[in-house]
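# Residue-level structure breakdown
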Amino acid sequence: MKNLILTSPIPGELIALNKVKDPAFSSGAMGAGCGIVPSEGKVFAPFDAKVEVLFETKHAIRLTGTDGESILIHIGIDTLNGKPFHNLVNQGDTVKKGDLLLTFDIDEIKKAGYDVTTPYLVTNAFDYDEITIKNDAQVILAKSAQKDDEDTKNNNISENNAIDTNSNLAKEEIVAQKILENIGGLDNIRSVEHCATRLRLILNDKSKIDEKAIENIDGVKGQFFAAAQYQIILGTGFVNKVYDVIIKQTGHLASNNKAEAYAQMSLSQKISRTLGDIFVPIIPVLVATGLFMGLRGSATSLGIEFSDNFLLMSQILTDTAFAFLPALVTWSAMKKFGGTPVIGIVLGLMLVAPQLPNAYAIAAGTASPLYLDLFGISIPIVGYQGSVLPALILGIFASKLQLFLKKVIPDVVDLIITPFLTLFISMLLGLLVIGPIMHALEIFIFNVVKTFLELPYGIGGFFVGGLHQLIVVSGVHHVFNALEIELLSSTGKDMFNAIITGAIVAQGGAAIAVALRTQNKKKRAMYISSIIPAFLGITEPVIFGINLRFVKPFICGLIGGACAGATASIMQLAGTGMGITVIPGMLLYMDRLPAYLLVNFIGLAVAFALTMVCFKPEE
C-alpha cells in the first residue's frame, strides 16, 4: 500500500467531504476525497492522465493516472444540464498535469438553483493508506493510514446478496435482480431513470423496500430517499448497465419520473400544476408589460407630458400582449397538451381577428356583437381580446382533437388534412360554442372575485392575505395566475398582487424574529440564508425551512399577511403588472410607491412583533 498526494484541480476553497450536501458523495460511498467551493470556473488536470470518462452533460470527468490513480471530478450537485459547461478535451484523450480540461459558468449554475460545490474523489481509494489533497493555502487529509474497511463491509454482505462468481449472468444483471427482489419486484416500480451515479426510482409502495438488504448488495454503494425518489448509488458507468437491464426486463416501464410524480398528485394539485404549466411561460411577457405601464404611470404622475406619437409607441409596448392574449394562451395550452404550438397561435389569433367586433369596443359601447342564427338560437359573435378562459379551453380541445385526428388520418395526407380539420373544427366551436359559454362563465367568475376583493373595510383583502401562504403550502397556488391575468386584461390593474405582497413579506418578517430569538449562531446563519429569498418574492425556503417547522411563526406570518391585505384593499392599491412582489414589485407601483411600502411594512411589522412575543425557541 502507498500514500497519494493530489493537488486541487479547481481554484477555490477545500472542504471536508462530509460537508458536501449530497449523501452519495458525503458518505464516502463513491470514494475518498473532499469538496471544492470553486472561485473560478476552470478544471485543470492534477496529474498526467487519460480521460477515461467525459459525461455527455460535461459536468463530470473521470481520469486515470499513469500510476493507477483514478479520480472523479463532479462539478456541482445534480448539475445535469450541459449548457454551463465547455469541454476542451474529449473522452480517450491523454493530458498532462496542469492542462485545462473544462470550463464552467459558476453564476449560471447558481442561477439555475444548483449547488456549485464540486466533489473531488479518488474512486480507487482502497489502493492507498493515506490520501492528501492540497492547494496553495490548504491541506486536507482525505484518508488516514488505517486498514481499509472494505473487508468489514464485505463481511456484512449476506450470503443471499453476494455476487455468484459461478453464475453465467453479468454482474449488472445480478445486481439488477437483487435490487428488484428487495424493492418488491417490477410491479412495485412506477418509474425509473438514472443520473451519472444513481438509479432513481419512484415506487408504488415504499414499505416493500428492504434497505439493509439493498445496502449489502455487492455493487451497491449506498441508498437514500430524496426528491420523492428512492436513489440507489451504483457509481459511474455501472449505473447505466443496471438501468438498461431493468428497462429490458419490463419493455414498457415509464422512465419519466416527472410525469409519474404528477400522477401521484391530488386532483386539485393536478389542476393547479396544469394551469401553472400553461400560464407560467406567459408571465415574463406580462411582467415586462406591467413594468412599462408602471414607468409610464410614474412619469405621468410627476407631471411629464408626452407627445401623441410617443404615447402611441408606449401603447404598443403596453397593449399588444393583452390584445393578443388568446394567442399566447392557446399556444401554451397546445404545447402543454401535446398539440402543435403554431396551430395554437393561429387559433388564438382567430379569436381576435380584426373582422370580429372588438371586445374592448363592445365594452365601451362603441360596437355591437354580430348575431348568427343557428337552429333558432341567436348566438353573439365577438372578438375575445383580453380573454383567458375561452382561449384556455379551446387550446386544450384543439390539442386533443389534433392528437385524435393523427391516429385516424393516414400518414400520407396527415400533414395537410390534420391541421386543416383541427383549425376548422376548433374555430367553429370556439366562436359558436366554447367562446360564448366560457366568456359568460369568465365574466361571472371575474365579477364574483372582484366583488369579494372590493368588500368594504378590507374584508376581502384580509381573507386573501391571510390565507394566501397557506394555499402556497398546499401547492395549488398556481391557479391564481389565471385570475391575475384576467384582472390585468379586464381592468389594467392587478389588485390581487397588492394583497399578496404583504402576505409574502410577512413570512419573511416572522422568520427574522425566529433568527433573532435563536441563540445558536450556526442555525441563525442558516435561517438568514432562507429569509433573503422572501424579500424577493419567494417564500418556500422560509416557510418549509423555518416558519412551518415551528408552527407559531407561520401563524404569525398569516396574521401579518391578513393585516397587510386588508390595508391594501382599503387603499384600493393595485399593481400595473403581475409576477413580482416585495422589493422587485416596487416597479409595478411607481405611481403609488408610498402606499405600496406601507402595505409591506404593515405585513412585516405585525408578523415580526407577534413572533417575537409568541415564539420561544427550544435549541
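The sections below set out a description of the structure shown in this document. Since we're looking at a predicted model, the values are computed, not measured.

## Comments concerning the overall build of the chain
Along the chain, the regular secondary structure elements total 23 helices and 19 strands. With the C-alpha coordinates aligned to their principal axes, the bounding extent of the chain is approximately 90 × 70 × 50 Å. Sorting the 619 residues of the chain into buried and exposed places 46% on the buried side. Accessible area for the chain stands at about 29,900 Å²; split by element, carbon and sulfur atoms hold 61% of it.

## Some points on the sheet that holds strand 11 (residues 118-122)
One open sheet holds the seven strands; their spatial order is 2-3-11-7-6-5-9, and the pairing between them is antiparallel. This sheet does not close on itself; its edge strands, each paired only once, are strand 2 (12-16) and strand 9 (94-95). Where strand 5 (residues 49-54) lies against strand 9, two bridges are found, and the strand directions are antiparallel. What sits directly across from Lys50, in strand 9, is Thr94.

## Some words on the packing of aromatic side chains
Scanning all chains against the criterion turns up seven aromatic pairs. Ring geometry for Tyr527 and Phe550: centres 6.4 Å apart, planes at 85°, overall edge-to-face. Taken together, the residues span a long stretch of sequence, with Tyr527 in helix 19 (residues 521-531) and Phe550 in helix 20 (residues 540-550) at a distance of 23 residues. By relative accessible area, which is 26% here, Phe550 ends up partly exposed. Here the aromatic cluster, defined as three or more aromatic residues joined through ring pairs, consists of Tyr527, Phe550 and Phe615. Over the aromatic face of Phe238 sits the side chain of Lys171, whose NZ or CZ is 5.6 Å from the ring centroid.

## Some words on the nonpolar core
Residues Phe279 and Leu573 are the most contacted members of the largest nonpolar core, which totals 58 residues. The greatest single-element share of this core, amounting to seven residues, is contributed by helix 15 (residues 411-453). Beyond its immediate stretch of four places on either side in the chain, Leu573 contacts Met495, Ala498, Ala568, Tyr589, Arg592, Ala595, Tyr596 and Val599. Ala32, Leu54, Ile61 and Ile75 belong to the second-largest nonpolar core, a separate cluster that totals 34 residues.

## A closer look at the pairing of strand 13 (residues 139-143)
The pairing of strand 12 (residues 128-134) with strand 13 spans four bridges and is classified as antiparallel. Looking across to strand 13, one finds that Ile131 is bridged to Lys143. In sequence, strand 12 turns back onto strand 13 through a hairpin of four residues.

## Quick notes on the environment of Gly575
With respect to the secondary-structure elements, Gly575 resides in the loop between helix 21 (552-570) and helix 22 (582-585). The exposure class of Gly575 is buried, given its relative accessible area of 0%. Taking the C-alpha atoms as reference points, Gly575 and Asp591, separated by 16 residues in sequence, lie 9.5 Å from one another. Those residues in contact with Gly575 that lie beyond four places of it in its chain are Leu488, Gly492, Lys493, Asp494, Leu588 and Tyr589.

## Describing the side chain of Thr539
As for its placement among the helices and strands, Thr539 is situated in the loop between helix 19 and helix 20. The contacts of Thr539, once residues within four sequence positions are left out, are Gln469, Val472, Ile504 and Gln507.

## Focus on the packing of helix 18 (residues 495-517) against helix 23 (residues 593-614)
The geometry of a pair of packed helices is captured by two quantities: the angle between their axes and the separation between those axes. Taken N-terminus to C-terminus, the directions of helix 18 and helix 23 make an angle of 35°; their axes are 7 Å apart at the nearest point. Relative to helix 23, helix 18 is oriented so that their crossing is right-handed. Between helix 18, through Ala498, Thr501, Gly502, Val505, Ala506, Gly509, Ala510, Ile512, Ala513, Val514, Leu516 and Arg517, and helix 23, the contact on the second element is made entirely by Tyr596, Val599, Asn600, Gly603, Leu604, Ala607, Phe608, Thr611 and Met612.

## Considerations on a nonpolar patch on the surface
A cluster of nonpolar side chains, Phe452, Tyr457, Ile459, Phe462, Phe463, Leu467 and Leu470, forms an exposed patch at the surface whose accessible area comes to about 720 Å². A total of five residues in the nonpolar patch trace back to one element, the largest contributor, which is helix 16 (residues 459-474). Looking at the secondary structure, you find Leu470 in helix 16. Under the relative-accessibility criterion, Leu470 is labelled partly exposed at 43%.

## Let's talk about the side chain of Thr567
Inspection of the secondary structure puts Thr567 in helix 21. Residue classification places Thr567 among the buried residues on the basis of a relative accessible area of 16%. The residues touching Thr567, leaving out its near neighbours within four places in the chain, are Val599 and Ile602.

## Some points on the state of the cysteines
The tally for this structure, following the rule as stated, stands at zero disulfides. A disulfide-free cysteine, Cys563 has its sulfur positioned 11 Å from the sulfur of Cys556, the nearest such atom.

## Digging into unusual backbone geometry
With a phi close to 65°, Lys58 is a non-glycine residue in the positive phi region. By the secondary structure assignment, Lys58 is in the loop between strand 5 and strand 6 (60-65). Judged by relative accessible area, which is 27%, Lys58 ranks as partly exposed. Unusually for a residue other than glycine, Tyr457 sits at a positive phi of about 60°. As for its placement among the helices and strands, Tyr457 is situated in the loop between helix 15 and helix 16. The class for Tyr457 is exposed, based on a relative accessible area of 74%.

## Some points on helix 12 (residues 341-351)
Buried within helix 12 we find Ile343, Gly344, Leu347, Gly348 and Leu351. Down the axis, helix 12 shows its buried residues gathered within 135° of arc, on one side only. Next to the buried residues of helix 12 lie helix 11 (325-336), helix 14 (389-408) and helix 15.

## Quick look at the pattern of salt bridges
Applying the stated rule across the entire model yields five salt bridges. Ionic pairing is found between Glu40 and Lys42, a salt bridge with its closest N-O pair at 3.3 Å. Take Glu40: its relative accessible area is 35%, and that puts it in the partly exposed class. Notably, a salt bridge pairs Asp277 with Lys336, separated by 2.8 Å at the nearest N-O pair. Of this pair, Asp277 sits in helix 8 (residues 267-279) while Lys336 is found in helix 11, placing the two residues 59 residues apart along the sequence.

## Re the packing of helix 9 (residues 283-301) against helix 10 (residues 308-323)
For the pair helix 9 and helix 10, the least separation of the axes is 9 Å and the interaxial angle reads 145°. Relative to helix 10, helix 9 is oriented so that their crossing is left-handed. Contacts between helix 9 and helix 10 pair Val285, Leu286, Thr289, Phe292, Met293 and Arg296 from the former with Ser314, Gln315, Leu317, Thr318, Ala321 and Phe322 from the latter. Looking at side-chain class alone, the contact of helix 9 with helix 10 contains seven nonpolar, four polar and one charged residues.

What counts as what
- Residues numbered from 1 in each chain as written.
- Predicted model: local features only at pLDDT ≥ 70, side-chain atom pairs only at ≥ 80, totals over all residues.
- Heavy atoms only, no water.
- Helix = DSSP H or I, 4+ residues; strand = E, 2+ residues; numbered from the N terminus.
- Buried < 20%, exposed > 50% of the residue type's maximum accessible area, 1.4 Å probe, protein only.
- Areas by Shrake-Rupley, 256 points an atom, 1.4 Å probe, with all protein chains shown as cover.
- Pairing = 2+ DSSP bridges.
- Phe/Tyr/Trp six-rings, centres within 6.5 Å; stacked < 30°, edge-to-face > 60°.
- Lys NZ or Arg CZ within 6 Å of the ring centre and 35° of its normal.
- Core = buried A, V, L, I, M, F, W, Y, C linked by side-chain atoms within 4.5 Å.
- Contact = heavy atoms within 4.5 Å.
- Axes fitted to C-alpha atoms, helices over the stretch in contact; angles between N-to-C directions.
- Left-handed = near helix turned anticlockwise from the far one by under 90°.
- Patch = residues over 30% accessible without salt bridge, like charges linked within 9 Å, V, L, I, M, F, W, Y side chains within 5 Å.
- Salt bridge = Lys/Arg side-chain N within 4 Å of Asp/Glu carboxyl O.
- Disulfide = S-S within 2.5 Å.
- Arc of directions from axis to C-beta.
- Nonpolar A, V, L, I, M, F, W, Y, C, P; charged D, E, K, R; others polar.

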